[in-house]
Amino acid sequence: MIIDIPEGQEPIGYVWGDMVPGIGMAAANFSLSVYEHTTLGLREFEAARLRIAQINGCAFCLDWRTERDGRKVEESFPDAVTHWRTTDAFDERTRLAAEYAERYALDHHGLDEEFWSRMTGHYSQREIVELSMSIGSWLAFGRLNHVLGLDTVCVLPQG
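Since the structure is predicted, the reported quantities are computational estimates derived from the model, not experimental observations.

A. Structural view of the environment of Met 25. Within the element layout of this structure, Met 25 appears in helix H2 (residues 21-36). C-alpha of Met 25 to C-alpha of Gly 13: the two residues are 12 residues apart in sequence and 9.3 Å apart in space. Beyond its immediate sequence surroundings of up to four residues, Met 25 is in contact with Trp 16, Gly 17 and Val 20.

Take a look at the structure:
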């Protein structure tokens, strides 16, 4: 871990809350909002989230599975995300979510008309904005936690 955590302090709460309360709490609230207010289907949500986790290398994010109404994605889902181009486990929306997450993180300048034509053929403008904000949250906060070495002690804040 890059940050010194005082004895008895919970690392995530200390870094995100005590060290930078004005920024950290806003970031935590944004992160929670992505989960609490999503309108995206579980599979497309998890495909994008897991692809960002794979790119970031965030240990906690790689192990985490979003649960909705007592349901989670199947055990083989992370492998399908890794192979989003060729897997037969995904419908087109789920495949596009994984592709968008990867391109958002690694080649956002390469999002061309052909890609947007496919996206707008399967997602509404509102869903594209929601997915973009979600991906941005996962990219920023997962990477932040991994870079600072917090991802091995991370827990999702409770709302």
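Having put the structure on the table, let's press on.
B. Spatial organisation of the packing of aromatic side chains. For the structure on display, the rule yields 11 aromatic pairs. Cation over ring: Arg 68 sits above Phe 45, and NZ or CZ is 5.1 Å from the ring centre. Over the ring of Tyr 123 we find Arg 93; its NZ or CZ atom is 4.1 Å from the centre of that ring.

C. Broad picture of H2. Taking 1.5 Å of rise per residue, the 16 residues of H2 would be expected to cover 22 Å, and the 22 Å separating its terminal C-alpha atoms lies within 8% of that figure. Those residues of H2 that fall on the buried side of the exposure criterion are Gly 24, Ala 27, Ala 28, Ser 31, Leu 32, Val 34 and Tyr 35. For H2, the buried positions fall inside an angular range of 150 degrees around the axis, keeping them on one side.

D. Fine view of the nonpolar core. Residues Met 119, Tyr 123, Leu 131, Ile 135 and Trp 138 are the most contacted members of the largest nonpolar core, which totals 30 residues. Listing elements by their share of this core, those giving two or more residues are H2, helix H3 (42-56), helix H5 (77-82), helix H6 (92-106), helix H7 (113-122) and helix H8 (125-147). When near neighbours in sequence (up to four residues on either side) are disregarded, Tyr 123 contacts Leu 40, Glu 44, Arg 93, Thr 94, Leu 96, Ala 97, Ile 128 and Leu 131. Core analysis: the next-biggest nonpolar cluster, separate from the first, contains 8 residues, Tyr 14, Val 15, Trp 16 and Leu 150 among them.

E. A look at a nonpolar patch on the surface. A cluster of nonpolar side chains, contributed by Met 19, Val 20 and Ile 23, occupies part of the molecular surface with about 280 Å² of accessible area. Among the secondary structure elements, Ile 23 is positioned in helix H2. Judged by its relative accessible area of 61%, Ile 23 falls in the exposed class.

F. View of the side chain of Thr 94. Topologically, Thr 94 is positioned in helix H6. For Thr 94, a relative accessible area of 1% puts it in the buried group. Beyond its immediate sequence surroundings of up to four residues, Thr 94 is in contact with Arg 43, Glu 44, Ala 47, Phe 77 and Tyr 123.

G. A look at the side chain of Arg 95. Structurally, Arg 95 is set in helix H6. Of the polar contacts made by the side chain of Arg 95, one reaches the backbone oxygen of Trp 84; its length is 2.4 Å. In this structure Arg 95 touches Trp 84, Arg 85, Thr 86, Thr 87 and Phe 90, once residues within four positions along its chain are discounted.

H. Region of the structure containing the pattern of salt bridges. One pass over the full model with this rule turns up 11 salt bridges. Residue Glu 74 pairs with Arg 43 through a salt bridge whose shortest N-O separation is 2.7 Å. Placement of the pair is Glu 74 in the loop between helix H4 (59-63) and H5 and Arg 43 in helix H3, with a sequence separation of 31 residues. We classify Arg 43 as partly exposed; its relative accessible area is 25%. Residue Glu 102 pairs with Arg 51 through a salt bridge whose shortest N-O separation is 2.9 Å. Here Glu 102, found in helix H6, pairs with Arg 51, found in helix H3; they are 51 residues apart in sequence, far enough to count as distant. You can call Arg 51 buried: its relative accessible area is 14%. Salt bridges sharing partners connect three or more residues here, namely Glu 99, Arg 103, Asp 112, Glu 114 and Arg 118.

Thresholds, definitions, all that
- Residues numbered from 1 in each chain as written.
- Predicted model: local features only at pLDDT ≥ 70, side-chain atom pairs only at ≥ 80, totals over all residues.
- Heavy atoms only, no water.
- Helix = DSSP H or I, 4+ residues; strand = E, 2+ residues; numbered from the N terminus.
- Contact = heavy atoms within 4.5 Å.
- Phe/Tyr/Trp six-rings, centres within 6.5 Å; stacked < 30°, edge-to-face > 60°.
- Lys NZ or Arg CZ within 6 Å of the ring centre and 35° of its normal.
- Expected span 1.5 Å × (residues − 1).
- Buried < 20%, exposed > 50% of the residue type's maximum accessible area, 1.4 Å probe, protein only.
- Arc of directions from axis to C-beta.
- Core = buried A, V, L, I, M, F, W, Y, C linked by side-chain atoms within 4.5 Å.
- Patch = residues over 30% accessible without salt bridge, like charges linked within 9 Å, V, L, I, M, F, W, Y side chains within 5 Å.
- Areas by Shrake-Rupley, 256 points an atom, 1.4 Å probe, with all protein chains shown as cover.
- Salt bridge = Lys/Arg side-chain N within 4 Å of Asp/Glu carboxyl O.
- Polar contact = N/O pair within 3.5 Å; in protein donor to acceptor, adjacent residues only side chain to side chain.

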